Amino acid sequence: MNCDQVQEKLSEYLENALGEEEQNGLTTHLALCTQCRADAEALRRAIRSVSSLPSVDPPPGLSTKIMAKIREDAERPGLWRRLFPSMPMKVPLHAAAILIIGGIAVYLYQAIRPLGSVAPESGPSRSASAPARVSPPAEERAPAARPKARDNFRASPKQPAAPPAAAPSEGKAGNLADKNIGAIIPDGKKKAEGPAPAGRALLEAQVATPTEVSLFVESGIAQGDEKDNASLVKRIEDLVLRSGGRIIHPGESEQQTDRTLFKPSNMIWATLPEDHYDRFKADLTSFAKVSSEVRNRPAQTSPTAPVSSPIHIQMVLTPKETPEKTVP
Amino acid sequence: MGSEENDRESVRRVQAGETEAFEGLIRRHEKAIFNLLYRWLGDYDEAADAAQDVFLAAFRSLRQFRAESRFSTWLYRIAVNHSKTRRSRRAKTDRRTVSLEAADPERDGGPIASIPHPGPDPAEEVEQREAHAQIQQALNGLKKGDAMIILLHDLQDVPYEEIARILDIRMGTVKSRLHRARLALKDRLLRQSDPERAKR
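About the thresholds
- Residues numbered from 1 in each chain as written.
- Chains lettered and ligands numbered in written order.
- Predicted model: local features only at pLDDT ≥ 70, side-chain atom pairs only at ≥ 80, totals over all residues.
- Heavy atoms only, no water.
- Helix = DSSP H or I, 4+ residues; strand = E, 2+ residues; numbered from the N terminus.
- Buried < 20%, exposed > 50% of the residue type's maximum accessible area, 1.4 Å probe, protein only.
- Areas by Shrake-Rupley, 256 points an atom, 1.4 Å probe, with all protein chains shown as cover.
- Contact = heavy atoms within 4.5 Å.
- Buried area = accessible area lost by both parts, 1.4 Å probe.
- Salt bridge = Lys/Arg side-chain N within 4 Å of Asp/Glu carboxyl O.
- Polar contact = N/O pair within 3.5 Å; in protein donor to acceptor, adjacent residues only side chain to side chain.
- Pairing = 2+ DSSP bridges.
- Phe/Tyr/Trp six-rings, centres within 6.5 Å; stacked < 30°, edge-to-face > 60°.
- Patch = residues over 30% accessible without salt bridge, like charges linked within 9 Å, V, L, I, M, F, W, Y side chains within 5 Å.
- Core = buried A, V, L, I, M, F, W, Y, C linked by side-chain atoms within 4.5 Å.
- Axes fitted to C-alpha atoms, helices over the stretch in contact; angles between N-to-C directions.
- pLDDT = per-residue confidence, 0-100.
- Lys, Arg positive; Asp, Glu negative; His and termini not counted.
- Charge placed at Lys NZ, Arg CZ, Asp CG, Glu CD.
- Bend = angle between axes of the 7 residues up to and from the residue.

Participant: I would appreciate a short explanation of the overall build of chain A in the present structure.
Facilitator: A count of helices and strands for chain A gives 13 helices and 5 strands. Residues classed as buried in chain A amount to 40% of the 328 residues present. As displayed, chain A offers around 18,500 Å² of accessible surface, 57% of which is attributable to carbon and sulfur atoms.

So this is what it looks like as structure tokens:
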């Protein structure tokens, strides 16, 4: 064995804890190696020095003091009981916690739950009211509808486009927003007669309504000189025809409502394939100034909605300085 | 150290709610725990405080004690952990540097002073006390882990297996650590007694 190996085993050697062979090997080495023998002796003294330290008595009464603290500790309620002192009613805390948690859960559910099924849209309410609002005979309604349509057009550039009316039937009044366009521009499509369909049928009917656009075209002439609009009107009508559309004249609607019998002279009604509209508008702007455009596109949610339905255009020629004045 | 049987019975009674049964555990292990703490902390009063804390901690956590190990092993573990915490909280320039003038129960009329020493020669007594103080000083200068393992084995005669459980280390590690700690102590004692020789 070499000195390093001996040094590693000295502690166990001194305790006689090695195997016989190893123990003898160290004994032989120590007999021959002065340094290792000195180290072994120094180590032996160190071990004995610790074991020879006298046992020291603890202070008198230490155990009594300790027991006093322990008795005090045993009598003191634990943290749980300090936080929750006994209550007159023996209500289990976990039951109370369950109630509290349940209450919070109910409150949160009430706060964040969906608002319930919303009516498909305001249509059902309209349809529900429509039968109640069966319009008076057309003769009586037309005069009232006319001014309101004009008022709407005056303000319409700034109003958001209203959804199209429900299938206007002969007796259907529709709401004011619908009259914005639907009351003036006759539908190019044949609509069912009779009371307006309710609920989903109404929604689908609306979806089938083509897009309606109001274009406000600055006539370039001062107000009061509407007769000079004729040349501009002619140009616009020619453009409509060239764009694959057609002009709708008063009375052309199959519904033959009084509303359609009247068309202000500064208005042009036309229908155009929707995919031709952009080109038409670009051509229009080449010779006339379009001051604003109000588009009323119905929601195309129905899978049966036509891909490219005709677009109904109402062009309103406005005076030069006040483009918002539309109806004389 | 108290008998293992008595310890098990006392533990059982305390766990059943009989607080007074804990006193028997204190009396059987008080001296060993106190001495371990005294030799490790190097201060008599602090060792007394630490001993109170150790036994109080043992009482509070006795519910978690399982009879898988000896009660003394479990109690030693509490004492080791507590004394480590205490020691690390103390300032570096603390009273652990025991001088020959420091309070020494052997010298200053403590309980041990009243016990007649083996040697009749007072000079011999003084020499012994000085030697003990130097040993204590050497222990104080060791790394805390080294001092603790020496005290457990060489002072308290705790077997290797129990030391392994107390320190939560393997048996082989106990032996190697003990050997290194003893070598460190040896070197310190050599430096104290013969600085020139220690340099060689």
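Here the narrative resumes.
Participant: I'm lost on the interface of chain B and chain A in this one. Help?
Facilitator: By convention, interface size is frequently given as the accessible area that disappears when the constituent parts associate. Taken residue by residue, the interface counts 44 residues in chain B and 35 residues in chain A. Regarding the contact of chain B and chain A, the summed buried area is about 3,600 Å², with carbon and sulfur atoms giving 65% of it. Broken down residue by residue, the surface that chain B buries against chain A is led by Gln52, His179 and Arg182 of chain B, which jointly contribute 17%. In this assembly, chain B and chain A are joined by 6 salt bridges. Linking chain B with chain A are 15 residue pairs in polar contact (both at pLDDT 80 or more), by the criterion used here. Among the secondary structure elements, those contributing two or more residues to the side of chain B that touches chain A are helix H2 (22-41), helix H3 (44-60), helix H5 (122-140), helix H6 (144-155) and helix H8 (171-193) of chain B.

Participant: I would appreciate a short explanation of the pairing of strand E3 (residues 267-273) of chain A in the present structure.
Facilitator: Both faces of the sheet carry side chains from a regular strand, because those side chains alternate between them. All names here are of chain A. Burial of E3 is extensive: 6 of the 7 residues sit out of reach of the surface. Where strand E2 (residues 246-247) lies against E3, 2 bridges are found, and the strand directions are antiparallel. Bridging across to E3, Ile247 finds its partner in Ala270. Bridge count for E3 against strand E5 (residues 310-318) is 7 bridges, and the pairing is antiparallel. For Ala270, the partnering residue across the bridge sits in E5 and is Ile313.

Participant: Could you clarify how one ought to interpret the pattern of salt bridges in this entry?
Facilitator: Side-chain pairs of opposite charge can arise where the charged atoms are in close proximity. Under the definition given, this model contains 25 salt bridges over all chains. Measuring nitrogen to oxygen at the nearest pair gives 3.9 Å for the salt bridge that ties Asp39 of chain A to Lys186 of chain B. With Asp39 of chain A in helix H3 (residues 34-51) and Lys186 of chain B in helix H8, this pair bridges two chains. For Lys186 of chain B, a relative accessible area of 8% corresponds to the buried category. Residues joined by salt bridges that share partners form a network here, namely Glu4, Glu5, Arg8 and Arg70 of chain B.

Participant: Please clarify how the packing of aromatic side chains should be interpreted in this entry.
Facilitator: Aromatic ring pairs are reported here in terms of the distance separating the ring centres and the angle at which the planes meet. Residues and elements named next belong to chain B. Summed over all chains, the structure comprises 7 aromatic pairs over all chains. A ring pair is formed by Phe34 and Tyr38, whose centres lie 6.2 Å apart and whose planes are at 0 degrees; its orientation type is stacked. In this pair, Phe34 and Tyr38 both sit in helix H2, 4 residues apart, roughly one turn of the helix. On the basis of relative accessibility, which here comes to 6%, the residue Tyr38 falls in the buried class. With centroids separated by 5.9 Å and ring planes inclined at 85 degrees, the aromatic side chains of Phe65 and Phe71 adopt a geometry described as edge-to-face. Residue Phe65 is classed as buried on the basis of its relative accessible area, which comes to 7%.

Participant: How should I be thinking about a nonpolar patch on the surface in this particular structure?
Facilitator: Nonpolar side chains collect at one region of the surface, where Ile100, Ile104, Tyr107 and Leu108 of chain A lie side by side and expose about 440 Å² of accessible area between them. As for its placement among the helices and strands, Ile100 of chain A is situated in helix H6 (residues 93-112).

Participant: How do you make sense of the nonpolar core when you look at a structure like this?
Facilitator: Soluble, globular proteins show a tendency: their nonpolar side chains are buried together. Ranked by internal contacts, the top residues of the largest apolar core, which has 64 residues, are Phe22, Phe34, Leu139, Ile150, Leu152, Leu167 and Leu185 of chain B. Broken down by element, this core gets its largest block of residues, 11 residues, from H2 of chain B. Excluding its chain neighbours within four sequence positions, the residues that come into contact with Phe34 of chain B are Val56, Asp57, Pro58, Pro59 and Leu62 of chain A together with Tyr44, Ala47, Ala48 and Ala51 of chain B. Counting residues in each nonpolar core, the second largest holds 20 residues, with Val240, Leu272, Tyr277 and Phe280 of chain A among its members.

Participant: Honestly, unusual backbone geometry in this entry has me stumped. Any pointers?
Facilitator: Excluding glycine, a negative phi dihedral is what most residues carry, and trans is how most peptide bonds are arranged. For Asp157 of chain B, which is not a glycine, the phi torsion comes out positive at approximately 55 degrees. Within the element layout of this structure, Asp157 of chain B appears in the loop between H6 and helix H7 (160-167).

Participant: Just checking my understanding: could you explain the sheet that holds E5 of chain A for this structure?
Facilitator: Through backbone hydrogen bonds, the strands of a sheet pair up, either in parallel or in antiparallel fashion. Residues and elements named next belong to chain A. Strand order in the open sheet made by the 5 strands is E2-E3-E5-E1-E4, with mixed pairing throughout. Looking at which strands have only one partner, the edges of the open sheet turn out to be E2 and strand E4 (289-296). Judged from the 7 bridges that link them, strand E1 (residues 212-218) and E4 form a sheet pairing that is antiparallel. Each residue of the ladder has a partner; that of Ser214, found in E4, is Val294. Lying on the sheet, helix H13 (residues 274-285) is in contact with E1, E3, E4 and E5; it crosses E3 at an angle near 135 degrees.

Participant: What am I meant to see in the confidence of the model for chain B here?
Facilitator: Detailed reading of the predicted coordinates is not advisable wherever pLDDT falls low. All names here are of chain B. Confidence in the prediction for chain B averages 83 pLDDT; 80% of positions are at 70 or higher. Counting interchain partners and residues more than four positions distant, the pLDDT-below-50 stretch residues 107-117 has 21 contacts. Under the prediction, the complex receives an ipTM of 0.81, its pTM being 0.51.

Participant: Got a minute to help me understand a positive patch on the surface in this structure?
Facilitator: Residues and elements named next belong to chain B. A surface patch of positive charge is lined by Lys84, Lys143, Lys144, Arg177 and Arg180. If you trace the backbone, Arg177 turns up in helix H8. Judged by relative accessible area, Arg177 falls into the partly exposed class, the value being 35%.

Participant: Help me out: how do you make sense of H2 of chain B in this one?
Facilitator: Residues spaced three or four apart along an α-helix face the same direction, because each turn holds 3.6 residues. Residues and elements named next belong to chain B. Roughly 50 degrees is the biggest bend found in H2, and it falls at His29. The element H2 is largely enclosed, with a buried count of 16 among its 20 residues. Directly beyond the C-terminal end of H2, a positive phi value near 75 degrees is found at Gly42.

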